[in-house]
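Residues per chain are reported as follows:
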Amino acid sequence: MASAVGAVGAAGHASTESGVWSWITTVDHKRIGILYGVSAILFFLLGGSEAFLIRMQLASADADLISSGVFSQLFTMHALTMVFLAIMPLGAAFFNFLIPLQIGARDVAFPRLNALSYWLFLFGAILLNSSFVFGGAPDAGWFAYANLTSSTYSPGDSMDYFTLGLLVLGISSLAAALNFVVTILNMRAPGMTLMRMPVFTWMALVVSFLLVFALPILTVGLIELLFWRFFDMPFFSAEFGGDPLLWQHIFWLFGHPEVYILILPAMGIVSEILPTFSRKPLFGYTAVVFAGVSIAFLGFAVWAHHMFTVGLGPVAIAAFSASTMLIAVPTGIKVFNWMGTIWGGSLDLRTPMLFAIGFIALFTIGGLSGVMHAAASSDAQQQDTYFIVAHIHYVLFGGAIVAVIGGIYYWFPKFSGHMYNETVGKINFWLMFLGMNLTFFPMHFLGLDGMPRRIYTYDANMGWDLWNGVATMGSLVLGLSFLIFIYNMVTSWLNGEPAEADPWDGRTLEWSIASPPPEYNFEEIPIVYDRDAWWAEKRGKVQHGVPVGGGSGEEEHSIHMPQPSYWPIVVSIGLIIASYGLVYNSGNFIVATIGLLVGIFGVYAWSFEPVNDPE
Amino acid sequence: MANLKNIRPKALLGLLVIVLLPILAACSSTDNPLTTISPKSDVARDIHWNYQIIFWFAVFVFIFVETLLLYAVIKFRRRPNDGIPKQVHGNTAMEITWTIIPALILIAIAIPTWITIFEIDDVPDDAYMIEIVGHQWWWEATYPDGQVTANEIHVPSDRPIGFNLNTADVLHSFWVPQLFGKQDIIPGRTNTLWFTPEVEGRFFGQCVEFCGISHANMRLEMIVDSPTVFASWLSGIDSPAPAAVSPAVVAGHDLFASKGCVACHTISGRNDAVGIIGPNLSLFGERLTLASATLDNNTENLTAWLKDPEDIKPGNIMSESAPIYTNPDLALTNAEIVTLVAYLQSLK
Amino acid sequence: MAQATADHGEHEATTTGLNHRKMLMWAFLGSDCMFFGSLIATYLVYKGRSLEGPLPIDVFSIPTTSVSTFVLLMSSMSMVLAYSALRRNRMKTFRVWLASTAIMGMTFLAFQVFEFRVFANHEVVVDCHAPIGELSIVELSVRNDKTVGCEATGHDEVEKQVGLTPKTNLFGSTFFTLTGFHGAHVTLGVIWLLTMFFLSFKKGMVTPERNLDLDLAALYWHFVDIVWIIIFTVVYLFGVFPGFA
């Protein structure tokens, strides 16, 4: 069955046309996934370049490469870019491409909404980054603590770009999350119960719920910040009795779940790679799933650990210390279950597997340093130092990015229909592993030596030169490993060997269809009898799916695919016009209103657009 | 174990990391001015005790997990002729084990943490209270009897020292790592902090909450003096400035008024210099550093600072709004700077 | 199948049996709960922290707002009736109830606009002989006003306009943001209902078979209604009753 999927004549709507217009109007989840992935990698390179400039400036004491104003923009935009424009959309890329394939569906539940998510993401990202050109990017840190963000201390438009950019990106993520919630809950193939879902899909479901509940909190915070700046509504003004700490509470109530929004997809990816290349099922599937769910719940109960030094009082601090430490338990469960998965397996140490194992090794370090500053009293010496910078990079780079790169290698044959170059892939891994540790491990020492975050210069007598120099060298290695990655991706996509449907002897349904999958994904919707449905099917429990429509016998035996639509991009353009109109409102909101009207018109036209091709 | 030829570089590198980690942990120097691991007060020592417990637990778990991982990767790597391994789906006893053991470790960490949190919380009643105000980008300290100084904060070594922390503008964070853990300063509230010195000496500190473009240049020094030295320093602030001696000092004294410096700076003993926008410059000649502890206080640095403060501390209020720096007609000449330097250095 | 728009979904087999669009609406409303939850939380955190008036006790008129609350509640009922009429294919009745739902929604909005205007032009009248302890912050400030206050004028009764705007104080900011966003939700709902009302005159657009379209609008409408009941209780009632205020 693996390669048996040929051209299905009845699938008359399966359009495989190319050209720019077909990409702009596409509603195919696989194409949107690729759009997400390619855009996110480009933004990743941008954020990486920002980081590289930061490292160059900090390479030695009293450096004069970058002015402090530009430095502030760079570290703010580096964080915003990596979090909102790289890691989150990379997650979205995987969700888009894989979830329908893993659950045996033809597309997501709302294909046009999916397109809207992508275009809003892209335009929001451009909006945010265009601030570099129009008078300066946001420079108050990605956490944007009030009252540095007030119109007094941040005059100009930079913080308005921050607020509106994140609002637009928030709408995009919310739409995507709602879409995936419905897709995962509602479009599973017959027989795929929740506890038969691939772990990656499970984590996608958890992340989607996290987004659904966490994003509105940020939205409210951003709206309050916006009103404060635009209309002098004194939300965070101490002079009016307001409390700048309220912003911190709101931001981290979103921000901590956000951390798990970034890392859970990575955990899902690793939970797919390890079993495949160990040829064993995931050890303790139930435990891994519930650990993920409980991490998500705990994620809403630990936000104040970002605020241990703001003066919350000992009782609150002790409570949040404890709840934060508690997260180490489900995280530990995951790590040990991954270990159990490879234990006794037959490990094929190909590139994706190396990345997955590298993930465990590096994430463990990030997890342990996390426990170190979960202890609030100890954190009093670590908060806002490079120790924290080391921690977040072990979690988000060593964790999220390493796993995501591994995932790209793992599913590359499925995405592209070509095999990547294994040797180059391994070089890529080793350089990245080396560069990552060279860059970020010394930051632990810098932190213990008291180097604060977000300083653009330091004195030679501080004793920070050595490790800063090493970190900067490491970032060079890291940069090189990325160029190699890009090289491998591009050359393999163009000239790589054609990929079989199931090159890794995979376990989940996406490996049961051709590489790349046809537009309609499954010729027949599969029937699922077990976890690791495809592995079970290959290993004897052979079952054949029921052709679509065969169940009810009412529908015709053709495969209906959603039609392309340009309304999503129209709505997105409307919202972006509105955002620019708000940034440059100068008292009147004409442009903003026009943009909003374009958006509303788009929504109306969308609602009345025929979903299916009338035949 | 497999023969050496089959061991992948990863194994070697991983081993290297494992062996090196505890050694590397010693890579942080206790001599650095901002070191967090060389406590010199009771509070810092409490925090360090807490930190060390967690650190060694972390090292233990790190070695355990990474060794296990490395061992598994080497031992179970695929060999030719490998069949399909046994399909194990899980093991409840093991799940329970690796839930409970980490939980126990966490309890072992949580207890000393809680103890420390409550131990370092309350400012002792007999503490010598100093009011700290964070400004963009310098520190102001006001002593119980009203004396004011900036950036170089002297404290007596014989009793607990407490701070009330406030800000004049945005968020800051007050931190002298060898003496105490950091405490953020939030507009609209007064946070507190305390410690009891154990040794005399100079201790470096820095603002650790991003507070604008010169955040990196908002540093401070805390000088723990013996009670007698401290008392004489404090009374020195109250005593009038010395009678002007050299002509340069006299000229500088007058320039300090005519160039408008007095609008923002206070110098004790001068009735005309009572500004409070900028740092109090009483006893400036005695200070070891200038520009909120970014430069050593010597003639060369002071000249550079007066010539172009923007270059040393971007965005500071003086270079943004003082007429001598914003109006080219009023700019200080080199000769004027020389006299101002002489005057400022005479403030002892 | 061929006749356009989203009816496709209603016949689709789904894993849970719940229609895609309905599940989407539920998930969205879950998200919206967090949105209003955060706004209400902000309001509560800042309750009683405004440094100057007017405060809830000064401006709220519970009888007026009770009326508009009642109207909104009734609109939920007519929404139910409209839905049930549509399902039974009684198009005329359906239209009557749908239109009255929309009209009641607009009535609520009119009340809100009226209320906002009254708050913005709030007049404070102070009896100069009243004991000082019984005066609210804003009354005290008017009493002691340097130009129109009791001592300045020597009158027995003084008055001054002390409007409540979003800029006035924390109460103004949080109150107008919260109720403003609720009003925006109601406005969206009214537009939605009116759209369906006019579509119902077009053949085949609003039919009993396609009742899901109305079902979704109704779900949204009831949600907005429930949010208002919470706002009315937490903001208005708790704002004026002693012990809560």
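Starting afresh in each chain, residues are numbered from 1 along the sequence in its written order. Whichever chain is written first becomes A and whichever ligand is written first becomes 1, with later ones labelled in order. In keeping with the model being predicted, local features are shown solely for residues with a pLDDT of at least 70 and side-chain atom pairs are shown and tallied solely at 80 or more, while totals for entire chains, interfaces and linings include all residues.

*Asks:* I'd love a proper account of the confidence of the model for chain A, names of residues and values included.
*Replies:* Residues and elements named next belong to chain A. pLDDT measures how confident the predictor is about each residue, on a scale from 0 to 100. In this model, chain A carries an average pLDDT of 90, and 93% of its residues clear a pLDDT of 70 or more. The contact criterion used is a C-beta to C-beta distance within 7 Å, with each C-beta placed from the backbone. Counted against residues more than four places away or in other chains, residues 1-15, with its pLDDT under 50, gives 29 contacts. Contacts from residues 545-557, a stretch scored under 50 in pLDDT, to residues over four places away or in other chains number 16 contacts.

*Asks:* Could you give an account of the environment of Cys33 of chain C, with specific residues and numbers?
*Replies:* All names here are of chain C. In this text, helices come from DSSP runs of H or I with a minimum length of four residues, and strands from runs of E with a minimum of two, each type numbered from the N-terminal end. Note that Cys33 resides in helix α1 (residues 20-45). We classify Cys33 as partly exposed; it has 17 C-beta atoms within 10 Å. Sequence spacing of Cys33 and Phe223 is 190 residues, and the spatial spacing of their C-alpha atoms is 9.0 Å. Residue burial is a threshold on neighbouring C-beta atoms within 10 Å of the residue's own C-beta, all placed from the backbone, with 20 or more meaning buried, 12 or fewer meaning exposed, and counts in between meaning partly exposed.

*Asks:* Got a sec to walk through the sheet that holds strand β9 (residues 201-206) of chain B? Specific residues and values, please.
*Replies:* Residue and element names in this part refer to chain B. In this scheme, strands are said to pair when DSSP sees at least two bridges between them. Across the sheet, three strands lie side by side as β4-β10-β9; this open sheet has mixed pairing. Here the strands that pair on one side only, and so sit at the sheet edges, are β4 (152-156) and β9. Between one strand axis and the next, the sheet turns through 25° on average, direction left out of account. Of the strand pairs in this sheet, β9 and strand β10 (residues 219-225) are connected by six bridges, and their pairing is antiparallel. Residue pairing for β10: Arg202 is matched across the bridge by Ile223. Axis geometry follows a simple rule: fit a line to the C-alpha atoms, using only the stretch in contact for helices, then measure angles between N-to-C directions, giving values from 0 to 180 degrees.

*Asks:* Help me get a handle on the pairing of strand β1 (residues 128-135) of chain B, residues and values and all.
*Replies:* Residues and elements named next belong to chain B. Inspection of the sheet shows β1 paired to strand β5 (residues 161-167) by seven bridges, in the parallel sense. Looking at the pairing, Ile130 lines up with Phe163 of β5. Note: β1 against strand β2 (residues 138-142), five bridges, orientation antiparallel. Counted as the bridge partner of His135 is Trp138 from β2. Between β1 and the antiparallel strand that follows it, β2, lie two residues.

*Asks:* How would you sum up unusual backbone geometry? Please name residues and give values.
*Replies:* With glycine set apart, most residues show a phi of negative sign, and most peptide bonds adopt trans. Note that the residue after Ser515 of chain A, namely Pro516 of chain A, is joined by a cis bond; omega there is -10°. Looking at the secondary structure, you find Pro516 of chain A in the loop between α15 (465-495) and α16 (533-538). With omega at -5°, the peptide bond leading from Gln136 of chain B into Trp137 of chain B counts as cis. Looking at where Trp137 of chain B falls in the secondary structure, it is placed in the loop between β1 and β2. Phi at Ala291 of chain B takes a positive value of approximately 55°, unusual for a residue other than glycine. Examined against the element boundaries, Ala291 of chain B turns out to sit in the loop between β11 (289-290) and β12 (295-296). Of note in the backbone geometry, Ser292 of chain B takes a positive phi value of approximately 45° without being a glycine.

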